[in-house]
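For reference, the chains in residue letters:
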Amino acid sequence: MEKDLAYSKPVQRRRAAWNTKDILITGMIGVVFAFVLLAVTFAYFPLAAILGPAYSRITDGIFMIPGLMALYLIRKPGAALVSMTIGGLVMLPFSPYGLIGIVWAALAGLECEVPFLAVLYRKYSTLFLMISGSVATILSTLLEYPLYGHAALSIGVQITMLVVSAVGGAIGGILSKLLAESMLKLGLLADYRRSSLDHTYRK
Amino acid sequence: MSYLHRLNPLSKLLAIGPPAIFLALTTNVWTPLLFINLTIGITLMLGRIPLMRYAKVCAPMLLIVLGFILLYPLLVSDRINEGSELLFSFGFVDVYESGVLFGLATGLRLLAMLVLSLLFTLTTDTADLIRALIQQWRVNYRFGFGTLAVLRFIPILMQQFQLVKMAHQVRGYTGKGSRRIMERTQRYALPLLSSSLRHAERMAYSMDSRAFGAYRTRTYFRRSSMARQDYIFIGSFWIGSTLAVLILFHFDMLGKLSLFKTYH
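Residues numbered from 1 in each chain as written. Chains lettered and ligands numbered in written order. Predicted model: local features only at pLDDT ≥ 70, side-chain atom pairs only at ≥ 80, totals over all residues. Heavy atoms only, no water.

### Some thoughts on the overall build of chain A
Regarding its fold elements, chain A presents 9 helices and 0 strands. The proportion of buried residues among the 203 residues of chain A is 58%. Considering only contacts within chain A whose residues lie at least 6 apart along the sequence, 75% involve residues at least 24 apart. Summed over its atoms, the accessible surface of chain A is roughly 8600 Å², and 71% of this surface lies on carbon and sulfur atoms. (Helix = DSSP H or I, 4+ residues; strand = E, 2+ residues; numbered from the N terminus. Buried < 20%, exposed > 50% of the residue type's maximum accessible area, 1.4 Å probe, protein only. Contact = heavy atoms within 4.5 Å. Areas by Shrake-Rupley, 256 points an atom, 1.4 Å probe, with all protein chains shown as cover.)

Here it is as structure tokens:
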């Protein structure tokens, strides 16, 4: 105990490292969207009953919004993973999926990171957000195979499923861009204003 | 506080992890069925969860599972249906026995994993889990306590939602009608999102001003550690599930194991 309280030098962090504000803003995006996603999760069941398991995947993109939005605003590696994991933690007591839900959320965060990692977190255009949304949703559909046994469905259904989820991901990409831009336009988050000034490359 | 409530959150995670991974590999009906019964028994007895509460939490899960059981027989490919008995045919829809079995297996597999995770979620406080993750699994404490700070915001968020609703009502906006779902989303989502982000910003500044994250070492008020009962629980849970699997194997009810289910 004594040793813990002895004076030690404050930690020096690089400019690119996460500061407290980044952590809290990312977490807050996760928390707010956790409730939206919870509503979508419950709305999904009647939708799946009407449209069938293939076409109802159009909602997949909505699940990627917190990740993409956090990445777009914060522009630091790992933002999607952190915000989605925190969102999963919030949903833990309410979601019908329980622990699978949080593993799923963390995986979805990683899926959002994959396309950005491929361009070393340098591109943030609308088109790229759409593409990364599609890539993320396709990856998440592929990861469902062990759990739900999609491989037993007929090939046509499987292809429709992948295409529909890709379209949903693109829609999610546009929505996250629009939401992030409207937040910046409101005058919030002055530190992150650089996000909207430069559409393609981070200075 | 029941036995399960008193256990370390991480020990519960460790206990249910391997059985859950094993269940993801199963392809028949009996294995998940056995695990479902065992897990529900353990949760109700050791967790002292009232039966009604458990049923209430289970209801939406059962809906998901029912969806799989009812829909999959109609959608499975012909390869699976090949050589099995035709149960009934209605118009252009043919339902085969193996298709029905496949739907049942998928639904029960999912239910077994959900029930396993209920053992954890019903008996664990999220804040305790985060504390344990920070102290025992060396999760960066800035992220951990940041998460705790953000979780505290949930009740305020509910309040904000009521506030926005009332503000709309005062202006005569009822928000009824299914067609204007986009407008409704915009009217509710934007104020909520902006106010919560503003709150996060303020919270970050106040945490920074109290030197949050300035030092590498940290002291804790609530300590979290593994006790002997935790190791006993992990060990007995693993041994119990291994025994269950061995019994199933002995009676030849284990079925094939496959990760991607492309075996047919």
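### Brief notes about the nonpolar core
Residues L24, I25, M69, L73, F116 and L189 of chain A are the most contacted members of the largest nonpolar core, which totals 118 residues. The two domains that each donate at least three residues to this core are domain 1 (3–124 + 226–250) and domain 2 (129–209) of chain B. Setting aside residues no more than four positions away along its own chain, L189 of chain A makes contact with I25, L73 and L184 of chain A together with L197 and E201 of chain B. (Core = buried A, V, L, I, M, F, W, Y, C linked by side-chain atoms within 4.5 Å. Domains from an automatic or database assignment.)

### Section: the UniProt feature "transmembrane region" (unreviewed entry) in chain B
Residues and elements named next belong to chain B. UniProt records the feature "transmembrane region" (unreviewed entry) for residues 20–45, 57–75, 95–122 and 231–251 in the present numbering. End C-alpha to end C-alpha, residues 95–122 measures 38 Å, and it is 89% helix and 7% strand. The distance from the first to the last C-alpha atom of residues 231–251 is 30 Å, and the span holds 95% helix and 0% strand. (UniProt positions renumbered as here; feature names shortened; annotations may be inferred.)

### Re the interface of chain A and chain B
In this assembly, 57 residues from chain A lie in contact with 63 residues from chain B. Together chain A and chain B conceal approximately 5300 Å² of surface at their shared face, both sides included; 76% is due to carbon and sulfur atoms. Broken down residue by residue, the surface that chain A buries against chain B is led by L24, M28 and L99 of chain A, which jointly contribute 12%. K21 of chain A is the partner of E201 of chain B in a salt bridge, and the nearest nitrogen-oxygen pair spans 3.1 Å. Elements with a minimum of two residues in the side of chain A that touches chain B: α1 (2–5), α2 (20–55), α4 (79–91), α5 (98–118), α7 (145–148) and α8 (155–185) of chain A. Partitioned by chemical class, the residues of the side of chain A that touches chain B number 43 nonpolar, 9 polar and 5 charged. (Buried area = accessible area lost by both parts, 1.4 Å probe. Salt bridge = Lys/Arg side-chain N within 4 Å of Asp/Glu carboxyl O. Nonpolar A, V, L, I, M, F, W, Y, C, P; charged D, E, K, R; others polar.)

### Topic: the environment of G213 of chain B
Mapped onto the elements of the fold, G213 of chain B is located in the loop between α10 (181–209) and α11 (228–250). Given the relative accessible area of 3%, G213 of chain B is considered buried. Put simply, G213 of chain B and R142 of chain B are 71 residues apart on the chain and 5.9 Å apart in space, counted from C-alpha to C-alpha. Ignoring any residue separated from it by four or fewer positions in sequence, one finds G213 of chain B in contact with R13 of chain A together with Y141 and R142 of chain B.

### Some thoughts on a nonpolar patch on the surface
On the surface, I58, I155, I159, V163, V167, I171, I174, L175 and L178 of chain A cluster together to form a nonpolar patch covering roughly 740 Å² of accessible area. By secondary structure assignment, the location of I159 of chain A is in helix α8. (Patch = residues over 30% accessible without salt bridge, like charges linked within 9 Å, V, L, I, M, F, W, Y side chains within 5 Å.)

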